Amino acid sequence: MNAKKYKKYRIIVILMVVIMALLFQGCGKQKTKVSVRVAVIDTGISTNAISKEHIAEGKNYVDTKLSTEDTYGHGTAVASIILKEAKNTQIVPLVSNVFENGKIKQVDNDTLAQMIRDAVDIYHCRVINLSAGLVLDKESVRRAVEYAEKKNVLIIASAGNDYAENGAVRYYPAAYESVLAVGALNKDGTEIAAFSQRGEWVDVYTVGEQVEIKTLSGNTSVGDGTSYSAAKMTGQAALKIENDAEITVDELKKMLSN
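Our subject in this report is the structure included herewith. Nothing here was measured: the structure is a model prediction, and the numbers come from that model. (Residues numbered from 1 in each chain as written. Predicted model: local features only at pLDDT ≥ 70, side-chain atom pairs only at ≥ 80, totals over all residues. Heavy atoms only, no water.)

## Some details on the sheet that holds strand S7 (residues 154-158)
Okay, so step 1: Here we have seven strands laid out as an open sheet, ordered S2-S3-S1-S6-S7-S8-S9, and parallel in their pairing. Looking along the sheet, the strands with just one partner apiece sit at the ends: strand S2 (59-60) and strand S9 (204-207).
Okay, so step 2: Both strand S6 (residues 127-130) and S7 contribute to a ladder of four bridges, which runs parallel. Along S7, the bridge assignment pairs asparagine 129 with isoleucine 156.
Okay, so step 3: Sheet contacts for helix H3 (residues 109-121): strand S1 (37-42), strand S3 (90-95), S6 and S7; angle to S6, the most-contacted strand, approximately 155 degrees. (Pairing = 2+ DSSP bridges. Helix = DSSP H or I, 4+ residues; strand = E, 2+ residues; numbered from the N terminus. Contact = heavy atoms within 4.5 Å. Axes fitted to C-alpha atoms, helices over the stretch in contact; angles between N-to-C directions.)

This is the structure:
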């Protein structure tokens, strides 16, 4: 090879090395995108309202012989809000309440704790949405919440809707430090909604009045409640995880609280 050809060849090789280095550096900066699984511990999900492509396999903990079809409507409403915020999310319905013979039948505290653990270990969820509110700190639930945090799973819970009747009460699991406790703002987002629990233990507030929801039949309606505020934050959490699979619970909680 003569000197002229060698020089040309050397320039090409150098350019290729530079391009590959830049490509590698660019790949290193990219954040991994994932399909996020979110556990909705609630009344189930109506397949008339939510497309089956967004519903992963779950379980009915009230009665294992029953399906995860919603019998009341609350879980469906929550799921519809989550998917409005993060359309690629996979919802895992874990049924804690069933409407039967005109009454709500629900799981006990220990079963609720097991549902949280199962959401982590069996259903591999990164976020758990909970609208349940316990007045007392129950050890089994507290330990399950701590377990979820250790496994880098964020629990998002509604703060409660009883401020007018019992403003001093703190609901669990929302009141646990590692849980993102969500209160409600009025429809304009200008002040805390009259029904919403509040205080230093509530991490964040977002609109919880006249929130657009899906009903059991799939129709569109509106509803009020901190459950719907929590669902909005759950959707936002799922979206952040979708864009950065390596994000930690602490990072996520701080981002959502600001």
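## What about a negative patch on the surface?
Okay, so step 1: Taken together, the side chains of Glu146, Glu149, Glu177, Asp250 and Glu251 present a region of like negative charge at the surface.
Okay, so step 2: Contributions of two or more residues to the negative patch are made by helix H4 (139-150) and helix H7 (249-257).
Okay, so step 3: Looking at where glutamate 146 falls in the secondary structure, it is placed in helix H4.
Okay, so step 4: Given the relative accessible area of 34%, glutamate 146 is considered partly exposed. (Patch = residues over 30% accessible without salt bridge, like charges linked within 9 Å, V, L, I, M, F, W, Y side chains within 5 Å. Areas by Shrake-Rupley, 256 points an atom, 1.4 Å probe, with all protein chains shown as cover. Salt bridge = Lys/Arg side-chain N within 4 Å of Asp/Glu carboxyl O. Lys, Arg positive; Asp, Glu negative; His and termini not counted. Charge placed at Lys NZ, Arg CZ, Asp CG, Glu CD. Buried < 20%, exposed > 50% of the residue type's maximum accessible area, 1.4 Å probe, protein only.)

## Side note on the environment of glycine 208
Okay, so step 1: Mapped onto the elements of the fold, glycine 208 is located in the loop between S9 and strand S10 (211-214).
Okay, so step 2: Given a relative accessible area of 0%, glycine 208 falls into the buried group.
Okay, so step 3: For the pair glycine 208 and aspartate 188, spaced 20 residues apart in the sequence, the C-alpha separation amounts to 9.6 Å.
Okay, so step 4: Leaving out residues up to four positions away in the same chain, glycine 208 has contacts with Ala184, Leu185, Phe195, Gly223, Asp224, Gly225 and Ser229.

## Details of the packing of aromatic side chains
Okay, so step 1: All chains considered together, the criterion is met by two aromatic pairs.
Okay, so step 2: Considering the side-chain rings of tyrosine 72 and phenylalanine 99, the 5.3 Å spacing of their centres and the 50 degrees angle between planes classify their relative orientation as tilted. Of this pair, tyrosine 72 sits in the loop between S2 and helix H2 (74-85) while phenylalanine 99 is found in strand S4 (residues 97-100), placing the two residues 27 residues apart along the sequence.
Okay, so step 3: Taking 4.9 Å as the distance between ring centres and 50 degrees as the angle between the ring planes, the aromatic pair formed by tyrosine 172 and tyrosine 176 counts as tilted. For the residue pair tyrosine 172 and tyrosine 176, the accessibility class agrees, reading buried in each case.
Okay, so step 4: Over the aromatic face of tyrosine 61 sits the side chain of lysine 59, whose NZ or CZ is 4.7 Å from the ring centroid.
Okay, so step 5: Seen from the ring of tyrosine 147, arginine 117 lies directly overhead, with NZ or CZ sitting 5.0 Å from the centre. (Phe/Tyr/Trp six-rings, centres within 6.5 Å; stacked < 30°, edge-to-face > 60°. Lys NZ or Arg CZ within 6 Å of the ring centre and 35° of its normal.)

## A look at the pairing of S3
Okay, so step 1: Burial of S3 is extensive: six of the six residues sit out of reach of the surface.
Okay, so step 2: The side-chain alternation of S3 yields two buried faces, one formed by Gln90, Val92 and Leu94 and the other by Ile91, Pro93 and Val95.
Okay, so step 3: With six bridges joining them, S1 and S3 adopt parallel strand pairing. Across the sheet, residue valine 40 finds its bridge partner in S3, namely proline 93.
Okay, so step 4: As paired strands, S2 and S3 are joined by two bridges and run parallel to one another. For lysine 59, the partnering residue across the bridge sits in S3 and is leucine 94.

Interpretation note: all reported values are geometric properties and have no functional meaning in isolation.
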